[in-house]
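# Reading the structure
Letter by letter, the chains look like this.
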Amino acid sequence: MAQEDIFYDVLIVGGGHAGAQLAITLRQMGFAGSVAIVGAEHVPPYERPPLSKEYLSGAKSFERILIRPESFWGERNVAMILGERVMSVDPGKKRIVTASGRSMGYGSLVWAAGGSPRRLACAGSDASNIHVVRNLADVDAIAAALPQVTHVTIVGGGYIGLEAAAVMRKMDKAVTLLEVGPRLLGRVTGEALSAFVDEFHRAKGVDVRTATGLASFETQDGRVVAAVLDNGQRIATDMVIAGIGIVPEVGALQDAGASVANGVMVDACCRTSLPDIFAIGDCAASPNPWADGAHIRVESVQNANDQAKIVANLLMDVDKPVDAMPWFWSNQYDLKLQSVGLSMGHDLQLVRGDRATASFSILYLREGRLIAVDTVNRVKDYVQARALVAAGARLDASLAVDPDIALKDVVAAAA
Amino acid sequence: MVHLNITDRAGVEHVVEAQTGLSLMEAIREAGFDDLMALCGGCCSCATCHVYVDDGDGAFKAVSEDENDLLDSSDHRQANSRLSCQLVLTAAADGLRATIAPED
Ligand SMILES: Cc1cc2nc3c(=O)[nH]c(=O)nc-3n(C[C@H](O)[C@H](O)[C@H](O)COP(=O)(O)OP(=O)(O)OC[C@H]3O[C@@H](n4cnc5c(N)ncnc54)[C@H](O)[C@@H]3O)c2cc1C
Ligand code: FES
């Protein structure tokens, strides 16, 4: 059968940030073998962050968020096999099979399948006006429904929920935001930033409900008409957007015998426990030097790109360390939030600047060393923190909280 | 449409056509260059869209404080450094010469 002959030296599963960057980098480095991306979505690789920002708001068209123009992939001899989901992997024969039954062989397989949005589970959660924000199609569905919507209930007070709330307020929709935890951004940032973001969204008119869970949805003709909270309150609503995290897409690899915990377990070079199979991006749990080597998944563009580079170097036999310092950004209203490092494991938080001025930073220290920084409208702090976090600098805490002294000038004298 | 002269990291100059209204970063990406990372997609949050504007900087708004701070994160900053995502192309940008800065 002719189909049996389809073989790629590097077969990338998933055309998101990680998969696209790997293909780009391989060609940039002069990789001469065949490269294919097999992607479940029907469109070429695009940037995901704008989905809850400029694309959702309509400020940017789809063409403007493409990672590369459509013609690029052909020019670089990267086969784009779109609208195909990889269902199974045979690590012995080194073949994959897609949902439509296509079988392909590989030299190296790079799993870059990201994650699927976690779905709500309470009664009524199968209603047609409950949305998620992960893919282009998700956001197009929201956009198509919005003209008929006056009140949106957002479930989840993480970055995506908050960004969606900001866009909905700009469109003048009434917004209720439910967060089951005690504070917004509770998983990722310090109390000072949570409190600030909470106040800011309220001031913009968002009805923020923390420590509030969902009991059920009241539905009519398969559509949510109200959200019923765990405190018994009923909120009439005509659209629900769930932003409650992702489940890593790793089923086929797990079935093939790969070691999977929260994501595919990989080593520092993104190798899975199966021969010639790598995993990168949101789906991979790698030993993170910024988290004391603990295996964690990092969901960010930075991580997707840096892991792509790590695998490209490995496949090209280039022994060059990749500096994968974590960084992240988020935009809500006119707020510019930026982070560098990973704050988990900090033993001290310092707030630098005044929350009331909407320009402040949170410094996270462990044993006197700066391990992470969150900034709000303080790009200068963000930039200077990058160097300090990279160096594991010791800060003089009494100086560091003074926003008028440059962050780079508050390094403690060596003991 | 405007014409831009873009020099890639290998030192080769290319003439590209670009639509006005886009940023220079978008125009460079649209033209199929692969060196420009532009990781934050133009949010002025990453500095991976760093270019040197060799000729024609007058077509753009002055460097904002945020752009200036971010440019400071580059080891390759020069007097003519700009973040290309912050440069919106208008007819005045026709004939612009820019060079993609080295990767940090
Ligand atoms: C709304 C939103 C906003 C965000 N904002 C930011 C931000 O501001 N800053 C930031 O740093 N990060 C942000 N992120 C996170 C960032 O986008 C992700 O970390 C990044 O996209 C991860 O890249 P990836 O390639 O691992 O996965 P993805 O980009 O999710 O790509 C995975 C691709 O694989 C496909 N796929 C899945 N299973 C299969 C299969 N079996 N076969 C074939 N294809 C498959 C999927 O359809 C998808 O196209 C945001 C994410 C979202 C959703
Ligand atoms: S693309 Fe990130 S600052 Fe320009």
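So, here's what we can say about the structure.

What counts and how
Residues numbered from 1 in each chain as written. Chains lettered and ligands numbered in written order. Predicted model: local features only at pLDDT ≥ 70, side-chain atom pairs only at ≥ 80, totals over all residues. Heavy atoms only, no water. Helix = DSSP H or I, 4+ residues; strand = E, 2+ residues; numbered from the N terminus. Rg over C-alpha atoms; globule rule 2.2 N^0.38 Å. Buried < 20%, exposed > 50% of the residue type's maximum accessible area, 1.4 Å probe, protein only. Areas by Shrake-Rupley, 256 points an atom, 1.4 Å probe, with all protein chains shown as cover. Lys, Arg positive; Asp, Glu negative; His and termini not counted. Charge placed at Lys NZ, Arg CZ, Asp CG, Glu CD. Near = heavy atom within 4 Å. Polar contact = N/O pair within 3.5 Å; in protein donor to acceptor, adjacent residues only side chain to side chain. Expected span 1.5 Å × (residues − 1). 1 Å grid on protein atoms, 1.4 Å probe; cavity = no way out; pocket = protein on both sides within 12 Å on 5 of 7 lines; lining within 4 Å. Points joined across faces, edges and corners; volume = space filled by probe spheres on them. Nonpolar A, V, L, I, M, F, W, Y, C, P; charged D, E, K, R; others polar. Pairing = 2+ DSSP bridges. Phe/Tyr/Trp six-rings, centres within 6.5 Å; stacked < 30°, edge-to-face > 60°. Lys NZ or Arg CZ within 6 Å of the ring centre and 35° of its normal.

## Some remarks on the overall build of chain A
Of regular secondary structure, chain A possesses 10 helices and 26 strands. Against the 2.2 N^0.38 benchmark of 22 Å for 415 residues, chain A shows a C-alpha radius of gyration of 23 Å, consistent with a compact globule. Expressed as a percentage of the 415 residues in chain A, the buried residues total 55%. Entry remark: accessible area of chain A is about 16,800 Å², with carbon and sulfur atoms responsible for 51%. One way to put it: in chain A the 39 positive side-chain charges average out to a point 2 Å from where the 46 negative ones average out.

## Overview of unusual backbone geometry
Residues and elements named next belong to chain A. Positive phi, normally seen in glycine, also occurs at Ala211, with a value near 50 degrees. Topologically, Ala211 is positioned in the loop between strand 11 (207-209) and strand 12 (214-220). Residue Ala211 is classed as exposed on the basis of its relative accessible area of 54%. Phi at Asp317 is positive, roughly 60 degrees, even though this residue is not glycine.

## Quick look at the site of ligand 1
All names here are of chain A. Near ligand 1 there are 32 residues, and of these Glu41, Arg48, Lys53, Arg134 and Asp282 occur at the shortest range. Separating a nitrogen atom of ligand 1 from a backbone N or O atom of Val86 is a distance of 2.9 Å. The separation between an oxygen atom of ligand 1 and a polar side-chain atom of Asp282 is 2.7 Å. When ligand 1 sits alone it has 1,000 Å² of accessible area, and the protein chains cover 96% of it.

## Section: helix 1 (residues 17-28) of chain A
Residues and elements named next belong to chain A. Here helix 1 is 12 residues long and its end C-alpha atoms lie 16 Å apart, about the 16 Å a rise of 1.5 Å per residue gives. Across the 12 residues of helix 1, 11 count as buried, placing the element largely inside the fold. Listing the buried residues of helix 1 in full gives His17, Ala18, Gly19, Ala20, Gln21, Leu22, Ala23, Ile24, Thr25, Leu26 and Arg27. In the segment just after helix 1, Gly30 is the residue with positive phi, at about 90 degrees.

## Remarks on empty space enclosed by the protein
In the structure shown here, the tally under the stated rule is one cavity of 30 Å³ or more. The computed volume of the largest cavity comes to approximately 120 Å³. Lining of the largest cavity is provided by His17(A), Gln21(A), Glu47(A), Ile67(A), Arg68(A), Asn305(A), Arg29(B), Leu36(B), Met37(B), Ala38(B) and Leu39(B). Residue classes in the lining of the largest cavity are distributed as five nonpolar, three polar and three charged.

## A closer look at the pairing of strand 20 (residues 284-287) of chain A
Regular strands have side chains that alternate between both faces of the sheet. Residue and element names in this part refer to chain A. As paired elements, strand 18 (residues 263-265) and strand 20 share two bridges and run parallel to each other. Across the sheet, Val264 pairs through a bridge with Ala284, a residue of strand 20. Pairing of strand 20 with strand 21 (residues 295-296), which is carried by two bridges, proceeds in the antiparallel orientation. Of the residues in strand 21, the one forming a bridge with Pro287 is His295.

## Some thoughts on the packing of aromatic side chains
Residues and elements named next belong to chain A. This structure, assessed with the given rule, holds seven aromatic pairs over all chains. Between Tyr46 and Phe62 the ring centres are 5.5 Å apart and the planes differ by 65 degrees, which places this aromatic pair in the edge-to-face class. Highlighted residues: Tyr46 in the loop between strand 2 (35-39) and helix 2 (54-57) and Phe62 in the loop between helix 2 and helix 3 (70-75), separated in sequence by 16 residues. Considered together, Tyr46 and Phe62 belong to a single accessibility category, that of buried residues. Summarising the aromatic geometry, the rings of Phe200 and Tyr333 are spaced 5.6 Å apart at their centres and angled 45 degrees between planes, so their arrangement reads as tilted. One end of the pair, Phe200, is in helix 6 (residues 191-203); the other, Tyr333, is in the loop between strand 22 (327-332) and strand 23 (335-341), and 133 residues separate them in sequence. Summarising the burial analysis for this pair, Phe200 and Tyr333 share the class buried. Clustering of aromatic rings is evident, with ring pairs tying together Phe196, Phe200, Tyr333 and Phe360. In this structure, Arg68 packs its charged tip against the face of Phe72, placed 5.4 Å from the ring centre.

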